[in-house]
Amino acid sequence: MASLTGGSYPPSLDDELERDRLAQVIKDWSIANGLAVRPPPAMTSDPEGILATTAPVTIFPSPFPKSCFEEAKLIQKTYNELYARISQDEEFLGELVQEVAGGDEFIANLWNVHLRVKMEGYVQNLALGLFRSDYMVHQDGSTLQIKQVEFNTIASSFAGLSAQTSQLHTYLAQTEYSLLKDTSAHAGLDLPANGSTKGLAAGLKAAFDAYGKSELGHRTCVLFLVQDGERNVFDQRHLEYELVQQSLASGTGAIPVFRLPFSQIPDRISIAPGSFKRQLLYHLPSNPSAVFEAAVVYLRAGYGPRDYPGQAAWEARYQIERSAAIACPSVLTQLAGMKKVQQVLATPESDGSHSSALRRFIKGDDKVEGLWRTFTNIFPMDDTTAAGQKARCLATDPAACQGYVLKPQREGGGNNTYRSAIPGYLQSIPEAHWGSYILMELITPPPLSNIILRNGQLEHGGVICELGVYGTCLWDQTSRDGKILHSEESGYLLRTKGDQSEEGGVAAGFGCMDSVSLV
Ligand code: ADP
Ligand code: MG
Ligand code: MG
């Protein structure tokens, strides 16, 4: 395998004229092709909501080991199956919720939404997952192995911008790189196609088609539940436009897609009166007599406590969950994405064998072995198991905790505690709540460098890359061996951050968009 850091790739762009030229081409291409976000309020005032700015992006695609890339793509359908099966297993999830809920009101509230709906009975068997499994390349001597950072089951973002980033780097390879004095970025780049936008749209369409026609005579639609003031709106719009394209191409006519801020659910949504099927109705604000039946509700909000400022927001989530619309995700699917689940899957039995949890959901030694290879060490923080007690010793020892990250059951970036900050953080919370966290070994990818274009400025230096592989899955959630109707590997994301930064979220302002150059 070619060395990741070998040769002069990527070029260092010492020449200011070359740097400026490439930056200008990228700025223009990004706006022209929707590799863009809304500007942050601090950057400029935009009362009319008309401005866009370039998404942060690397100037060159980062080198990524081909064998690791292929392994991550190949295992995705097994991951789809694993998480579909977990979400079917209410008993398994319920036990883990009990372990974390004491120190985690948000998880407890989610579980309560599920219990309320269970009591009256679910009216929709199907659940849709637009998943993303995230990895870093771990270097152990001369061996490179993908190790999973986390598995996302809700609001897995950047599929829309990621396909655009692959296209940007492909365009630059076809045009600009060959004009550079340093020819290392020009010859023989292996840039794989990226079907992330198409793949996620196809997942949404599979669920829309499975829902079928409205029995009430309404037009059916897809709802995107979004956050107020969302800046990453074009990422979501790419999925919407592609969904419309795919529905037109299949001859069914354009699927109506509506964006609904989570806070406006009570005003715009109702459950069909007098129908035991609980169809979810959407009332168009510009024409209240226009009523649509939501076939699919795609949540790009609702993944963290900030989206639930009060009881009304929890009531709104309950109405979505109890309705006939196919939720992406259902509450159980969202809970399957808890870091606690990932920890339990990755914690070996006391005799060192693979976790019984993993074997409970996945049959076949090859599949189990394939998943296991992607796990790194993750420990519980409880005080009842040997693994938990070991983790508590590690996490409270300022020297021993250097190689670890402490994670709560949260999504969206910015929630973790790293290395030497862990003991102090644990001191600041009641010990009774430690069990709501997991302790994970830090993955150490090989050093790379690249140039990031962020807010018009170039940043040159060491970088760390995180690969995400998208998976789309539609399944019957109501029984332990319920049918899987659709399961695909659906493209990839490469996110890159400066090697001084612990977190890598693009939306959270730490990372940037990238694509792979296979080596
Ligand atoms: P979230 O659900 O908030 O995105 P993550 O588990 O993905 O939480 O953690 C956020 C970021 O922290 C990751 O994108 C990565 O940059 C860093 N990180 C998390 N776990 C590890 C790990 N085990 N090794 C190295 N970096 C990690
Ligand atoms: Mg996450
Ligand atoms: Mg993450």
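Residues numbered from 1 in each chain as written. Chains lettered and ligands numbered in written order. Predicted model: local features only at pLDDT ≥ 70, side-chain atom pairs only at ≥ 80, totals over all residues. Heavy atoms only, no water.

Right, let's get into the sheet that holds strand S15 (residues 417-418). Taken in spatial order, the four strands make up an open sheet running S13-S16-S14-S15, and their pairing is antiparallel. Two strands close off the open sheet at either side, each with one partner strand: strand S13 (378-380) and S15. Across two bridges, strand S14 (residues 404-407) lies against S15 in antiparallel orientation. Among the inter-strand pairings, Leu-406 is bridged to a residue of S15, identified as Thr-417. Most of the contacts of helix H12 (residues 339-346) go to S13, to which it runs at about 110 degrees, and overall it touches S13, S14 and strand S16 (438-441). Relative to S13, helix H15 (residues 386-396) is tilted by about 105 degrees, and along the sheet it contacts S13, S14 and S16. (Pairing = 2+ DSSP bridges. Helix = DSSP H or I, 4+ residues; strand = E, 2+ residues; numbered from the N terminus. Contact = heavy atoms within 4.5 Å. Axes fitted to C-alpha atoms, helices over the stretch in contact; angles between N-to-C directions.)

What follows covers the site of ligand 1. Taken together, 21 residues surround ligand 1, and among them Lys-339, Lys-407, Gly-413, Tyr-418 and Glu-466 come closest. At a separation of 2.9 Å, an oxygen atom of ligand 1 approaches a polar side-chain atom of Glu-150. The backbone of Gly-412 places a nitrogen or oxygen atom 3.4 Å from an oxygen atom of ligand 1. For ligand 1, whose free accessible area comes to 540 Å², the fraction covered by protein is 95%. Contributing elements (two or more residues each) for the shell around ligand 1: strand S6 (143-152), S14 and S16. (Near = heavy atom within 4 Å. Polar contact = N/O pair within 3.5 Å; in protein donor to acceptor, adjacent residues only side chain to side chain. Areas by Shrake-Rupley, 256 points an atom, 1.4 Å probe, with all protein chains shown as cover.)

Turning our attention to the pattern of salt bridges. Oppositely charged side chains can form a pair if their charged atoms are brought close together. The tally for this structure, following the rule as stated, stands at 26 salt bridges. Among the salt bridges present, the one from Lys-340 reaches Glu-99, with a minimum N-O distance of 3.5 Å. With Lys-340 in helix H12 and Glu-99 in helix H4 (residues 90-101), this pair connects stretches of sequence that are 241 residues apart. For Lys-340, a relative accessible area of 2% puts it in the buried group. Arg-300 serves as the salt-bridge partner of Asp-235, at 2.8 Å between the closest nitrogen and oxygen. Of this pair, Asp-235 sits in helix H8 (residues 233-249) while Arg-300 sits in the loop between strand S11 (291-299) and helix H10 (311-322), placing them 65 residues apart in sequence. (Salt bridge = Lys/Arg side-chain N within 4 Å of Asp/Glu carboxyl O. Buried < 20%, exposed > 50% of the residue type's maximum accessible area, 1.4 Å probe, protein only.)

Residues given the UniProt feature "binding site: Mg(2+)" (unreviewed entry) here are Glu-150, Asn-152 and Glu-411. On the basis of their most widely separated C-alpha atoms, the annotated residues across 262 residues gather in one place, lying no more than 10.0 Å apart. Note that Glu-150 resides in strand S6. A relative accessible area of 12% means that Glu-150 is categorised as buried. (UniProt positions renumbered as here; feature names shortened; annotations may be inferred.)

Quick look at the pairing of strand S7 (residues 219-226) now. Of all eight residues that make up S7, seven are buried, and the element is covered over most of its length. Pairing between S7 and S11: seven bridges, direction parallel. Opposite Val-222, over in S11, you have Val-296 as the bridge partner. As paired elements, S7 and strand S8 (residues 257-261) share five bridges and run parallel to each other. Among the inter-strand pairings, Leu-225 is bridged to a residue of S8, identified as Leu-260.

Another aspect to go through is unusual backbone geometry. With an omega dihedral of 5 degrees, the bond running from Cys-328 to Pro-329 counts as a cis peptide bond. The residue Arg-419 is not glycine, and still its phi comes out positive at about 45 degrees. Here Arg-419 shows up in the loop between S15 and helix H16 (421-427). Within the chain, Asn-455 stands out as a residue other than glycine whose phi angle is a positive 50 degrees. By the element assignment, Asn-455 lies in the loop between strand S17 (448-454) and strand S18 (457-476).

With that settled, consider the nonpolar core. In terms of nonpolar packing, the biggest core is built from 92 residues, with Leu-82, Tyr-83, Ile-86, Leu-223 and Leu-345 touching the most fellow members. Discounting chain neighbours no more than four positions away, the residues touching Leu-82 are Leu-345, Leu-358, Phe-361, Ile-362 and Leu-371. Core analysis: the next-biggest nonpolar cluster, separate from the first, contains 51 residues, Ala-23, Phe-158, Ala-324 and Ile-451 among them. (Core = buried A, V, L, I, M, F, W, Y, C linked by side-chain atoms within 4.5 Å.)

What follows covers the side chain of Ser-62. One can find Ser-62 in strand S4 (residues 62-64). Dropping the residues within four chain positions of it, Ser-62 is found in contact with Asn-450, Cys-465, Leu-494, Thr-496, Asp-514, Ser-515, Val-516 and Ser-517.

A separate point is the state of the cysteines. One covalent bond between the sulfur atoms of two cysteine residues makes up a disulfide. Summed over all chains, the structure comprises zero disulfides. Sulfur of Cys-68: no disulfide; nearest cysteine sulfur belongs to Cys-465 and is 12 Å away. Residue classification places Cys-68 among the buried residues on the basis of a relative accessible area of 1%. Unpaired in terms of disulfides, Cys-401 finds its nearest cysteine sulfur in Cys-393, a separation of 12 Å. (Disulfide = S-S within 2.5 Å.)

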